[in-house]
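Coordinate analysis (summary)
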Amino acid sequence: MTTTVQTDEQDLWRGFFADEDYVRMVGSILTSDRTTAEVDALGDLLGVRPGTRVLDLGCGQGRIAVPLARTGAVVTGWDGCEPLLDVATAAARGAGVEVEWVHADFVELAREAEFDAVCNVGTAFGYAAEPDDLATLAAVRRALRPGGVFVIDTENRERMLTSARRTWFERAGDLVCCARTFDAVTSRWTESLRWTASDGSARERSYSLRLYGATELVNLLRQVGFHGSITVSGGLDGSAYDVGSPRLVVRASVS
Ligand SMILES: C[S@@+](CC[C@H](N)C(=O)[O-])C[C@H]1O[C@@H](n2cnc3c(N)ncnc32)[C@H](O)[C@@H]1O
């Protein structure tokens, strides 16, 4: 039997990230301490100095882009979710920094040798169709200057596969019921979350993500022209990568 990915799976992320409860709920796990540590580590991995041109691809609500801009980097934040970019714009204004915000899909990236560094962090890769992922990596490569660096920080598929298929957790005071499926043929992970909104209404949102193994991701990066060093770690802190690592982090450089 052949398994095919339904088109709507590849669009679920649009509604998921645009949901009015998303920022509030995710804020309960993406604490300011965690963000500060991630921005510091990312700054080192990307080699960020004042004036460094950085593209934060999948910047969301500007959690990383705004503090990076505060270090003096010249930051472009790119995202396909307008409500999150509105939050990001307000955050930049509040922090007194300039960021170029672009509302567009990743596949629309068409910048040539413009950035010293590109990051895609906090699980911002794999939501779209698989050919788009490859096209996105190729566009990232073209957007980088010679010597440029790309860091991707995403889920560790091998660890995810050992997690419960049905579970519940608390997010910002709400009880969230979570049902997960993994398609071993397409390597697509889907989560459906159900919770009760503040007005008492029952809510449900899902997202679907193509999970890449470390070997696959490294091969794709080589394929699109990252001919410099490629390192794999289990977190932005540079810890060794293993099947149980909290994250999959790949740093790839243009030679
Ligand atoms: C989990 S959030 C991470 C946000 C941010 N990087 C962080 O760490 O806080 C993923 C973001 O990627 C964006 N995104 C995912 N796939 C995209 C695509 N194909 N085109 C544009 N944006 C996309 C979503 O809109 C969302 O804002």
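The structure displayed is predicted, hence computed values, not measured ones.

Calculation notes
- Every chain begins its residue count from 1, and numbering advances along the sequence as written.
- Local features are withheld for residues below a pLDDT of 70 in this predicted model, meaning they are given only at 70 or higher, and side-chain atom pairs are given and counted only at 80 or more; totals for whole chains, interfaces and linings count all residues.
- A run of H or I in DSSP counts as a helix once it spans at least four residues, and a run of E counts as a strand once it spans at least two, with each numbered from the N terminus.
- As used throughout, domain bounds are those supplied by an automatic or database domain assignment.
- Here, residue contact means that the backbone-derived C-beta atoms of the two residues sit within 7 Å.
- Two strands are said to pair when DSSP picks up at least two bridges between them.
- Handedness is read with the strands pointing away from the viewer; a crossover is right-handed when the path from the first strand over the helix to the second is clockwise.
- Put simply, a nonpolar core is a cluster of buried Ala, Val, Leu, Ile, Met, Phe, Trp, Tyr and Cys residues tied together by C-beta atoms within 7 Å.
- Backbone-placed C-beta atoms define the burial measure: a residue is buried with 20 or more other C-beta atoms within 10 Å of its own, exposed with 12 or fewer, and partly exposed in between.
- Lines are fitted to the C-alpha atoms to define the axes, a helix being fitted only along its stretch in contact, and any angle between axes, read from their N-to-C directions, falls within 0 to 180 degrees.

1. Remarks on unusual backbone geometry
For Ala 113, which is not glycine, the phi dihedral falls at a positive 45°. Structurally, Ala 113 is set in the loop between strand 3 (100-103) and strand 4 (115-120). At Ala 172, a position not held by glycine, the phi torsion is positive, near 50°. Tracing the sequence through the fold places Ala 172 in the loop between strand 6 (166-171) and strand 7 (174-183).

2. Quick look at the domain arrangement of the protein
When cut into domains, the protein gives domain 1 (7-155 + 212-253) and domain 2 (160-207). Using only C-alpha atoms to locate each centre, domain 1 and domain 2 end up separated by 23 Å. Taken together, the contact pairs 13 residues of domain 1 with 11 residues of domain 2. The set of elements that each furnish at least two residues to the side of domain 1 that touches domain 2 consists of helix 1 (12-18) and helix 2 (22-26). Considering each element in turn, the side of domain 1 that touches domain 2 owes the most residues, 4 residues, to helix 1.

3. Describing the pairing of strand 5 (residues 144-155)
Here strand 4 runs beside strand 5; their pairing, made up of 5 bridges, is parallel. If you follow Val 118 over to strand 5, its bridge partner there is Phe 150. One crossover worth recording links strand 4 to the parallel strand 5 by way of helix 6 (residues 130-143), and it is right-handed. For strand 5 and strand 11 (residues 247-253), the ladder comprises 7 bridges, and the chain directions are antiparallel. Of the residues in strand 11, the one forming a bridge with Asp 153 is Val 249.

4. A look at the nonpolar core
Within the largest apolar cluster, 59 residues are counted, with the highest numbers of intra-cluster contacts made by Val 54, Val 118 and Cys 119. Considering every element that reaches this core, the biggest residue donor is strand 5, with 5 residues. Ignoring sequence-local partners within four residues, the contact set of Val 118 consists of Leu 55, Leu 57, Val 140, Ala 143, Leu 144 and Phe 150.

5. Points about the sheet that holds strand 3
Pairing within the open sheet is mixed, and its 7 strands lie in the order 3-2-1-4-5-11-10. Only two strands of the sheet have a single partner each, and these edge strands are strand 3 and strand 10 (230-233). When the angles between neighbouring strand axes are averaged without regard to direction, this sheet yields 15°. Where helix 8 (residues 214-223) meets the sheet, it contacts strand 10 and strand 11, and its direction lies at approximately 20° from that of strand 11.

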